[in-house]
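Single-letter residue listing:
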Amino acid sequence: MKVRGQVVRTVPATTAVVGAAQQRDPDLPPFIGEALRKFRKHSSAPPPPQEQQTSSAAVLPEPSSSSSVSSVTSATATTAAAMTATTTVATATTTTAASVTAAPGGGGDVALLTVHRGPEEGTSYELHALRWTEVAELGGATPADPAAKRVERDGAGWAHPNDGAVVSLTARGRAFAAASAAEAAAAVAAAAAGASAADAMASAAAAVAAAAGDYGGDGDVEVLLSARPAAREVLDLAEADVAVGANELPEAVEAALLTMRAGEAARVVAAAGWGWGRERSTELGLLLPPPDGDAGANGVGDGQQQQQQQQRWWWWYEFRVELHAFAAAKEPRDMTLVEKFAAAARLREAGNAYFRDGKLRPAVWKYEEVIRYFEYERNLTADERAAADAAVLASRLNLAACRLKSGEFARAEKEATLALTQSPQSAKALYRRAQARLGLGDAREAALDAERAAELLMADGDQAGAAAPRQLARRARAEERRADDAAKRVFRN
């Protein structure tokens, strides 16, 4: 490192994970991560079309003692959730700018990073990028339910398959056992960072054991891993033609395909919730993880939860996917209105199939797509508008059901309220909003919605259908009374 022209430290070739502050090399200043992101953006590799007019220098945020790579990740998460760069870091000269400029270099790209420290003080770093590996978090992934795609070979062009596209691919996959959800998530994170499956399993087991105070060294890890079932081969497709979004592939593979280019090869790692639905998972002996409460992100019921607890293994996946070619489905903007209605019906049916199979994420995507088809459609006849509104209303009600099943009560309330904006007399929308509001702790409003839903159903002569809203209303009123009694006791004391 050179400060005011004097070299004070040189960092040899190292690996920096951009966007993962917890994995940052202690020898690298915290703002290096953002520099590497800018560096990748302006490197000699051909940029995507939307970045071709970007200037060669990018201003960095003012560094401070609290700077961290993670603080800048969320703003660019849609374009790059994480990148790994092998770099050689040394310093050059002193200026008063705060920018990074990239130029081709002998062993890779070279960037000059200058960080402004004061009116006359600055530090510059010369970065030599030797290799880039792009790692993208799949849409909908969470720390507790992670999934990521690690590019192993770049594809050609910039087009990606869309929902409904027919892809030609080769895909192979294995499932690995973990002793807990935390261990499975840690293994996925390690594999996404580049560890082999065996090393990911070992590091995850060691980390979980250490957190529990049970870690006694590598010998303990070997004992822990020896008790695991062997890895299972769960997918083997060679140059197969498959439709994306038809529930024929593991969810993680389908999500990864939507981000891949023709000729691209990738390693996809994911927790158990990113595999198949209940039916196929049961056939493979890979039960979905138990949810919180009666049903969670995968819609697993109590019976399967008890079976999972008896089995006690949580599974995570590693897939190797190569996209040979694809034929994209027609985009909504290119469809006639008749084609849109037909496509929307297929989407809704596919969403219903995913929902029944316990796969809520893809079900949500299908229902949201139906809404996008018609939400801003103009110049419709009265009959066409009625049909479009009916499709949107059904999708909003289905979205509310998905959100309720995954415990996302605020989102469920929002969808049900939007449905009521379209159809104020919808008993189903009132009932689902009542469920959401009770989940949010608003017992009084939940009771009012449930009572109104029961009244509407009774007026239509649906006595059986009114039973569930009436029962929910009684439960909400009981919750309201308990809350009132608790508040009175507080005031008396």
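Structural data are supplied above this passage.
The structure presented is a predicted model; accordingly, all values stated were derived computationally and were not measured. What you see as residue numbers is a count from 1 along each chain, following the sequence as written. In keeping with the model being predicted, local features are shown solely for residues with a pLDDT of at least 70 and side-chain atom pairs are shown and tallied solely at 80 or more, while totals for entire chains, interfaces and linings include all residues. Values reported for side chains reflect all heavy atoms of the structure, with hydrogen atoms and water molecules removed beforehand.

## Structural notes on the overall build of the protein chain
Consideration 1: Scanning the protein chain from N- to C-terminus turns up 15 helices and 13 strands.
Consideration 2: Sorting the 493 residues of the protein chain into buried and exposed places 46% on the buried side.
Consideration 3: Working rule for contacts: check all heavy atoms of both residues, and any pair within 4.5 Å makes them a contact. The long-range share in the protein chain, meaning contacts at least 24 apart out of those at least 6 apart in sequence, stands at 70%. Counting from the N terminus, the helices are the DSSP runs of H or I reaching at least four residues and the strands are the DSSP runs of E reaching at least two. Relative accessibility under 20% of the residue-type maximum defines a buried residue, over 50% an exposed one, and the middle range a partly exposed one, all with a 1.4 Å probe and only protein chains included.

## Comments concerning the environment of Glu408
Consideration 1: Summarising the element assignment, Glu408 is placed in the loop between α11 (382-405) and α12 (409-422).
Consideration 2: Looking at Glu408, the relative accessible area reads 28%, which means it is partly exposed.

## What to know about the packing of α12 against helix α13 (residues 427-439)
Consideration 1: All axes here are fitted lines through C-alpha atoms, helices being fitted over the stretch that makes contact, and every angle between N-to-C directions spans 0 to 180 degrees. Contact geometry of α12 with α13 gives a least axis separation of 8 Å together with a crossing angle of 155°. The pairing of α12 with α13 is recorded here as roughly antiparallel in orientation. In this structure, α12 crosses over α13, and the sense of that crossing is left-handed. Note on element contacts: α13 touches α12 through Ala429, Leu430, Arg432, Arg433, Gln435, Ala436, Arg437 and Gly439, opposite Phe409, Ala412, Glu413, Ala416, Thr417, Ala419 and Leu420. For classification purposes, an angle smaller than 35 degrees is called roughly parallel, one larger than 145 roughly antiparallel, one from 65 to 115 roughly perpendicular, and anything else oblique. Crossings are sorted by hand: turned counterclockwise from the far helix by less than a right angle, the near helix makes the crossing left-handed, and turned clockwise it makes it right-handed.

## Here we look at helix α9 (residues 337-356)
Consideration 1: For α9, built from 20 residues, the straight-helix expectation of 28 Å at 1.5 Å per residue is met to within 8% by its first-to-last C-alpha distance of 29 Å.
Consideration 2: Of all the positions in α9, only Lys340, Ala343, Ala344, Leu347, Ala350, Gly351 and Tyr354 are classed as buried. The buried side chains of α9 occupy one side of the element, clustering within an arc of 130° when seen end-on. Of the exposed residues in α9, those oriented more than 90 degrees away from the buried face are Val338, Arg346, Glu349 and Arg356.
Consideration 3: Tucked inside the fold, the buried residues of α9 contact α6 (251-257) and α10 (360-374). Every helix has an expected span of 1.5 Å times one less than the residues it contains. When we speak of the arc, we mean the arc of directions from the helix axis to the C-beta atoms.

## Section: the pattern of salt bridges
Consideration 1: The salt bridge definition used is simple: a Lys or Arg side-chain nitrogen within 4 Å of an Asp or Glu carboxyl oxygen. One pass over the full model with this rule turns up 32 salt bridges.
Consideration 2: Of the charged contacts, one joins Arg172 and Asp236 as a salt bridge, the two residues approaching to 3.2 Å between their closest N and O atoms. One end of the pair, Arg172, is in strand β10 (residues 166-178); the other, Asp236, is in strand β11 (residues 232-243), with 64 residues separating them in the sequence.
Consideration 3: Residue classification places Arg172 among the partly exposed positions, given a relative accessible area of 41%.
Consideration 4: Note on Asp236: relative accessible area 58%, which makes it exposed.
Consideration 5: A salt bridge links Arg437 to Asp449, with the shortest nitrogen-to-oxygen separation between them at 3.0 Å. Of the two residues, Arg437 sits in helix α13 while Asp449 sits in helix α14 (residues 443-459), which places them twelve residues apart along the sequence.
Consideration 6: Note on Arg437: relative accessible area 14%, which makes it buried.
Consideration 7: Residue Asp449 is classed as buried on the basis of its relative accessible area, which comes to 6%.
Consideration 8: Residues participating in the shared-partner salt-bridge network are Glu413, Arg433, Arg437, Arg444, Glu445 and Asp449.

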